[in-house]
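Inside the fold
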Amino acid sequence: MTTTYAIRPFGARPCTLVVCRGCCCGDARKKPGTDHEGQLTRMREAAVASGGRLAVRTSECLGPCGQANVIVVQPSAEGRRRGARATWIGWALDDDATDDVLTWAAAGGPGIAEPPATLALQVIPPPSEARRRAERA
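Here we summarise the structure given alongside this text. (Residues numbered from 1 in each chain as written. Predicted model: local features only at pLDDT ≥ 70, side-chain atom pairs only at ≥ 80, totals over all residues. Heavy atoms only, no water.)

Moving on, we come to the overall build of the protein. Counting its regular elements, the protein contains five helices and six strands. Sequence-ordered secondary structure for the protein, helices as α and strands as β, is β-β-α-β-β-α-β-α-α-β-α. Put simply, the protein has 137 residues, and 42% of those count as buried. Pairs at least 24 residues apart make up 71% of the contacts formed inside the protein by residues separated by at least 6 positions. Carbon and sulfur atoms make up 54% of the accessible area of the protein, which amounts to about 7500 Å² in all. (Helix = DSSP H or I, 4+ residues; strand = E, 2+ residues; numbered from the N terminus. Buried < 20%, exposed > 50% of the residue type's maximum accessible area, 1.4 Å probe, protein only. Contact = heavy atoms within 4.5 Å. Areas by Shrake-Rupley, 256 points an atom, 1.4 Å probe, with all protein chains shown as cover.)

Written out as structure tokens, the structure is:
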């Protein structure tokens, strides 16, 4: 099940955060000490406050469970026009990581702005890319 939060003009695709909330991501039993619901609430509030420049969706499972919590930052239409692809972020477990994701998305996200240096350290390969790397090894 996917839920999207944000109102935007028809045809304008904003930077979108896809937040994993499957078996490992968002699970207090597997990742105790993380305010999973608070993280998602902050992102949803930022989407509403953005006036349509940011959207937030949830996904049941994005795949790389060992790197939970996973957030995919999808580029806006303009970012895609500039050649950007979705950026996968792993280990987004604390307020600092959430702040970095929201700061980057507010600045335009992939293709528009560079991620904060600390967030760049949390970039992970998408599952399909990780499989290709393993097959070549």
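Burial along strand S4 (residues 71-74) is two-sided: the residues Ile71 and Val73 and Val72 and Gln74 are all buried. As paired strands, strand S2 (residues 15-20) and S4 are joined by four bridges and run antiparallel to one another. Paired with Leu17 across the two strands is Val73, which belongs to S4. Where S4 meets strand S5 (residues 87-89), three bridges bridge the pair, whose relative direction is antiparallel. Residue Val73 lies in a different strand from S5, and its bridge partner there is Thr87. (Pairing = 2+ DSSP bridges.)

It is worth spelling out helix H1 (residues 36-49) at this point. Helix length check: H1 (14 residues) gives 20 Å between terminal C-alpha atoms against 20 Å at 1.5 Å per residue, within 8%. Along H1, the positions that sit buried rather than exposed are His36, Gln39, Leu40, Met43 and Ala47. For H1, the arc enclosing every buried residue in end-on projection is 95°, short of the 170-degree limit, so these residues lie on one face. Within H1, the exposed residues directed more than 90 degrees away from the buried face are Glu37, Glu45, Val48 and Ala49. Immediately beyond the C-terminal end of H1, within one or two residues, lies Gly51, with a positive phi of roughly 65°. (Expected span 1.5 Å × (residues − 1). Arc of directions from axis to C-beta.)

Here the structure, examined in full by the defined rule, presents zero disulfides. Cys25 carries a free sulfur, and the closest cysteine sulfur to it, the one in Cys20, is 3.6 Å from it. (Disulfide = S-S within 2.5 Å.)

The next subject is the nonpolar core. Counting 19 residues, the largest nonpolar core has Leu17, Val19, Met43, Val56, Ile71, Val73 and Val101 as its most contacted members. Elements supplying a minimum of two residues to this core: S2, H1, strand S3 (54-59), S4 and helix H3 (95-106). A per-element tally of this core places H3 first, with five residues. Among the nonpolar cores identified, the runner-up in size contains 10 residues, and Cys20, Cys24, Cys25 and Ile124 belong to it. (Core = buried A, V, L, I, M, F, W, Y, C linked by side-chain atoms within 4.5 Å.)

This next bit is on unusual backbone geometry. The omega angle of the peptide bond from Ala68 to Asn69 is -5°, so this bond is cis rather than trans. The residue Asn69 is located in the loop between S3 and S4 in this model. The backbone phi angle of Trp91 is positive, close to 60°, even though this residue is not glycine. Of note, Trp91 is situated in the loop between S5 and H3. Trp91 gets classed as partly exposed once you look at its relative accessible area, which sits at 39%.

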